[in-house]
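Below are the chains, spelled out letter by letter.
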Amino acid sequence: MSNAGYQIVQLASGVNSVRSLAEKETFHPVIGPVAEAEALYVKQLHLIERVRQQTGKFIVWDVGLGAAANALTVLRATRRIPCSIRLVSFDHTVEPLIFALHHQSELGYLDGYEERCRQLIENVNKRHRDNFASRAGIAIARARRRIAPVSKPNFVPLPALQSFTDEELLARAKNFYADMARRRTVRDFSARPVPRELIETCLRTAGSAPNGANLQPWHFVAVSDPALKREIRIAAETEEREFYEHRAPNEWLEALAKLGTDAHKPFLEIAPWLIAIFAQPYRILPDGRKLKHYYAIESVGIATGLLVAAVHQAGLVSLTHTPSPMGFLNKLLGRPAYEKPFLLLVIGHPAEGARVPDIRRKPLEEISSFV
Ligand SMILES: Cc1cc2nc3c(=O)[nH]c(=O)nc-3n(C[C@H](O)[C@H](O)[C@H](O)COP(=O)(O)O)c2cc1C
């Protein structure tokens, strides 16, 4: 990847960071490179105390070289302590570091370490030239990590399941279907309050969803504050007006016509609860590394399905709302930029005499095949 694969971006905190265009990912996106490295590496891990106590070489594993913000913050924090430090990174490229060196004045944190960074880049490039392919290096590093995984599996008995005859099982499945078939998306809400505990219980159901590698890549913000709901309505209606008047292709408008929806969203204020659902494509570990969440969107979709079912089963109604784009939710609800707003679930009681579009569901033969 050439240097054109990166750009300098200004974060909400006002400081600059590096963004990988290929990965569509900003390094240290929350509070910025140095502040994040100081908080997560230096303070949270009590680095200075630990380096002081260490008698031999102090090794920081998997520092994640990137554009060297973590590495240089560690070196800077410990520069007055007489010690020997080794930083080990499994990154496969020094391209972000080369880019950072070219943009030193905008980033600031490389000051005083330029020569060391150049030496590191030169050493890595030399290894490439010597056909000591870095990919092989990564493979070795990964293989090593595979041989010695940190976590060990721990098994417990499956929670006892009641045993049923096939007839009983079928009757249960039919009952559940009959109940779920009555679920409808409702757009006319009553202002009748719903106890918080009920919402919490439905959220527990959502949080029980199967998910990629049990990383549980979701966050639910339950909003009942009238002022906040009003702000959400204003922002959503702004996007929706833009959508209905300019952005929506005719085909989409045609599909929506049957539902009678428009840019007017009074339910966002009337319904007692809005749950903003966020997907987390990754999380930031205490040591500053990013942990990728596998199948984040699929997992959040399943959790949302369970939430919709739980709300319905409790006797309430919901509306799956997706004003597009939904970035305003991060801002209004204080969620980090790397969390993706997935959808806004409106929950409450239906208004008296609420009506729903007369739509048909596809029959089983059309949605399934048995082989
Ligand atoms: C991902 C998704 C996004 C949706 N977005 C909206 C929306 O923004 N506004 C709306 O009124 N309905 C929205 N809906 C509701 C659908 O229109 C509704 O589920 C569909 O018409 C079927 O009707 P039913 O839920 O009553 O069976 C959405 C549903 C899903 C699953």
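1. Quick notes on the environment of alanine 276
Point 1. Along the chain, alanine 276 turns up in strand β7 (residues 273-279).
Point 2. A sequence separation of 57 residues divides alanine 276 from histidine 219, and the C-alpha atoms of the two residues are 8.2 Å apart.
Point 3. In contact with alanine 276, not counting residues within four places along its chain, are Val221, Val223, Leu329, Leu333, Pro341 and Leu344.

2. Describing helix α4 (residues 95-102)
Point 1. Residues Pro96, Leu97, Phe99 and Ala100 constitute the buried set of α4. Buried positions in α4, seen along its axis, are confined to an arc of 160° and lie on one side of it.

3. Let's talk about the pairing of strand β1 (residues 6-10)
Point 1. When β1 meets strand β2 (residues 16-20), the two strands line up antiparallel, connected through 5 bridges. When the bridges of β2 are listed, tyrosine 6 appears paired with serine 20.
Point 2. Connecting the antiparallel pair β1 and β2 is a turn made up of 5 residues, with glycine 14 showing a positive phi of about 95°.

4. Remarks on the domain arrangement of the protein
Point 1. Segmentation of the protein into domains returns domain 1 (3-147) and domain 2 (179-367).
Point 2. Here domain 1 and domain 2 have C-alpha centroids that lie 38 Å from each other.
Point 3. Between domain 1 and domain 2, the residue contacts involve 11 residues of the former and 8 residues of the latter.
Point 4. Ranked by the residues each element gives to the side of domain 1 that touches domain 2, the list is headed by helix α1 (residues 33-43), at 4 residues.

5. Considering unusual backbone geometry
Most peptide bonds take the trans configuration, and most residues that are not glycine carry a negative phi.
Point 1. Backbone torsion omega between serine 324 and proline 325 reads -5°, so that peptide bond is classified as cis.
Point 2. Secondary-structure assignment places proline 325 in the loop between β10 (317-321) and α14 (328-333).
Point 3. A positive phi angle is found at histidine 28, which is not glycine, with a value near 45°.
Point 4. With respect to the element layout, histidine 28 can be found in the loop between β3 (25-26) and α1.
Point 5. Residue histidine 28 is classed as buried on the basis of its C-beta count, with 24 C-beta atoms lying within 10 Å.
Point 6. A positive phi angle is found at alanine 68, which is not glycine, with a value near 70°.

6. Describing helix α13 (residues 296-314)
Point 1. End to end, α13 covers 27 Å across 19 residues, agreeing with the expected 27 Å (1.5 Å per residue, within 8%).
Point 2. By the burial criterion, the buried members of α13 are Ala296, Ser299, Val300, Ala303, Thr304, Leu307, Val308, Ala310 and Val311.
Point 3. Positive phi shows up at glycine 315, right after α13, with a value of about 105°.

7. Brief notes about the site of the ligand
Point 1. Within the structure, the ligand sits among Arg184, Thr185, Arg187, Leu259, Thr261, Leu319, Thr320, His321, Thr322, Leu343, Val356 and Ile359.
Point 2. If you tally residues by element for the shell around the ligand, the top one is β10, at 3 residues.
Point 3. Here the residues of the shell around the ligand sort into 5 nonpolar, 5 polar and 2 charged.

8. Considering the pairing of β7
Point 1. Among the 7 residues that make up β7, 7 are buried, leaving the element largely enclosed by the rest of the structure.
Point 2. Along β7, one buried face is formed by Trp273, Ile275, Ile277 and Ala279 and the opposite face, lined by Leu274, Ala276 and Phe278, is buried too.
Point 3. Sheet topology places strand β6 (residues 218-223) next to β7; 6 bridges connect them, and they run antiparallel. In the strand pairing of β7, tryptophan 218 is matched with alanine 279.
Point 4. In the sheet, β7 pairs with strand β11 (residues 340-348) via 7 bridges, with the strands oriented antiparallel. Counted as the bridge partner of tryptophan 273 is isoleucine 347 from β11.

Procedures and definitions
- Residues numbered from 1 in each chain as written.
- Predicted model: local features only at pLDDT ≥ 70, side-chain atom pairs only at ≥ 80, totals over all residues.
- Helix = DSSP H or I, 4+ residues; strand = E, 2+ residues; numbered from the N terminus.
- Contact = placed C-beta atoms within 7 Å.
- Buried ≥ 20, exposed ≤ 12 C-beta atoms within 10 Å, placed from the backbone.
- Arc of directions from axis to C-beta.
- Pairing = 2+ DSSP bridges.
- Domains from an automatic or database assignment.
- Expected span 1.5 Å × (residues − 1).
- Near = placed C-beta within 6 Å.
- Nonpolar A, V, L, I, M, F, W, Y, C, P; charged D, E, K, R; others polar.

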